[in-house]
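In case you want the letters, here they are:
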Amino acid sequence: KEHQFNLVFHAAAHKHVPLMESSPKEAIKNNILGTKNLIDASKKHNVDKFINISTDKAVNPTNVMGATKRFNEMLLQSQNGSSNTKFMAVRFGNVLGSNGSVVPHFTKQIAAGGPVTVTHKDITRYFMTIPEAVSLVLQAETYAEGGEIFVLNMGEPVRIVELAEQMISLSGFIPYKDINIEFTGLRPGEKLFEELLMAEEGLTETENELIFIAKPILVAVEELSKHIENFESLLVNDVSRSHILEVLKDAVPTFCQELGV
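My aim in this report is to walk through the structure given alongside it, one point at a time. (Residues numbered from 1 in each chain as written. Predicted model: local features only at pLDDT ≥ 70, side-chain atom pairs only at ≥ 80, totals over all residues. Heavy atoms only, no water.)

### Quick word on the pattern of salt bridges
If you walk through the whole model with that rule in mind, you get 14 salt bridges. Note that R159 is salt-bridged to D122, the shortest N-O span being 3.9 Å. Separated by 37 residues along the polypeptide, R159 in strand β9 (residues 158-159) and D122 in the loop between β5 (116-118) and β6 (124-125) bring together distant segments of the chain. For D122, a relative accessible area of 29% gives the class partly exposed. Each of K57, R125, R187, E190 and E194 takes part in salt bridges that share partners, so that together they form one network. (Salt bridge = Lys/Arg side-chain N within 4 Å of Asp/Glu carboxyl O. Helix = DSSP H or I, 4+ residues; strand = E, 2+ residues; numbered from the N terminus. Buried < 20%, exposed > 50% of the residue type's maximum accessible area, 1.4 Å probe, protein only.)

Listed below in structure tokens is the structure:
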């Protein structure tokens with residue numbers, strides 16, 4: 001109200017996967033209801049564009065964090081045309097060097113003499129640098145007409161163990177000799193392989209070969225409003241974790257936590 005923003009880039013979320021597995025009510029409160037509050041405020045004050053930072057973990061989510069982010073994508077698409085504000089999401093994978101990124105974690109472990117810990121020998125992730133991610137998010141916003149989910153081209157997925165081996169070598173050590181790599185097992189809700197697109201979505205090209213638009217899967221506003229009410233009731237009632245997951249799964253049909261580890 002005071003500053004009359006043109007753009008809102010919504011990057012605030014609990015993104016720590018295992019922590020959200022143990023605190024699903026907090027994930028819903030912050031990631032979903034917090035986003036709903038921002039959507040309402042943006043509409044009320046006639047923000048031009050609202051850009052939500054999403055994640056590849058929203059695609060066929062096997063964890064609570066990913067499911068909350070997928071619900072947000074659905075919620076944003078349902079808002080299109082309901083006000084003067086254009087709503088969109090930008091979906092991409094891991095950002096090198098960001099808060100919680102594996103690279104500074106590995107750097108600390110190498111500096112301490114090891115071991116470097118990797119959850120699984122076959123785990124892969126998509127990576128992008130901070131400047132790449134920021135510039136593509138800013139450019140995607142210029143293409144937006146409202147209701148889009150922009151998908152960034154993340155290149156080929158990287159095997160985390162190979163990343164660990166390269167970082168050890170670049171630090172002047174020999175992997176498995178000077179500094180060992182230990183496999184600790186997948187964490188709760190963690191996937192071996194992340195996806196950037198659901199099978200039913202499909203992609204439309206933009207002028208930038210690194211930015212695509214996912215085919216929209218629209219859900220009625222009334223249905224999403226009902227789910228929002230269900231989420232709000234969870235916060236004021238003492239309910240079990242299993243019940244919270246049932247409510248979340250009802251709201252996000254692609255949430256398939258039984259596939260998680």
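### What about helix α2 (residues 24-44)?
Here α2 is 21 residues long and its end C-alpha atoms lie 29 Å apart, about the 30 Å a rise of 1.5 Å per residue gives. Taking the largest bend as the criterion, α2 deviates by roughly 25°, centred on L33. Residue N46 follows α2 closely and has a positive phi angle near 55°. (Expected span 1.5 Å × (residues − 1). Bend = angle between axes of the 7 residues up to and from the residue.)

### Considering the pairing of strand β3 (residues 86-91)
The side chains of a regular strand alternate between the sheet's two faces. The buried fraction of β3 amounts to five of the six residues, a majority that puts the element mostly inside the structure. Of the strand pairs in this sheet, strand β2 (residues 49-53) and β3 are connected by five bridges, and their pairing is parallel. Bridge assignment links F50 to a residue of β3, and that residue is F87. (Pairing = 2+ DSSP bridges.)

### Topic: a nonpolar patch on the surface
A surface patch of nonpolar side chains, about 390 Å² in accessible area, is lined by L7, F9, I130, V134 and L138. Among the secondary structure elements, those contributing two or more residues to the nonpolar patch are β1 (7-10) and α5 (130-143). In terms of residue count, α5 provides more of the nonpolar patch than any other element does, three residues in total. By the element assignment, L138 lies in helix α5. Relative accessible area serves as the criterion here: at 42%, L138 is assigned to the partly exposed category. (Patch = residues over 30% accessible without salt bridge, like charges linked within 9 Å, V, L, I, M, F, W, Y side chains within 5 Å. Areas by Shrake-Rupley, 256 points an atom, 1.4 Å probe, with all protein chains shown as cover.)

### Observations concerning the packing of aromatic side chains
With the rule as written, the count across this model stands at two aromatic pairs. Between F50 and F87 the ring centres are 5.3 Å apart and the planes differ by 45°, which places this aromatic pair in the tilted class. Residue F50 is found in strand β2, and its partner F87 is found in strand β3; the two are separated by 37 residues along the sequence. For F87, a relative accessible area of 0% puts it in the buried group. Measuring from ring centre to ring centre gives 5.2 Å for F71 and F231, while their planes differ by 85°; the resulting arrangement is edge-to-face. In this pair, F71 sits in helix α3 (residues 64-78) while F231 sits in helix α7 (residues 221-236), placing the two residues 160 residues apart along the sequence. (Phe/Tyr/Trp six-rings, centres within 6.5 Å; stacked < 30°, edge-to-face > 60°.)

### A word on the nonpolar core
If you look at the biggest cluster of nonpolar residues, it comprises 52 residues, and the most contacted ones within it are F71, V90, F92, F150, F231 and L248. The leading source of residues in this core is α3, at seven residues. In this structure, F92 is in contact with I53, S54, T55, D56, A133, V137, L152, M154 and L196, ignoring residues within four places of it in sequence. In this structure, V116, L163, I179 and I181 belong to the second largest nonpolar core, which totals 16 residues. (Core = buried A, V, L, I, M, F, W, Y, C linked by side-chain atoms within 4.5 Å. Contact = heavy atoms within 4.5 Å.)

Fair warning: the whole summary comes from geometry, so function is off the table for now.
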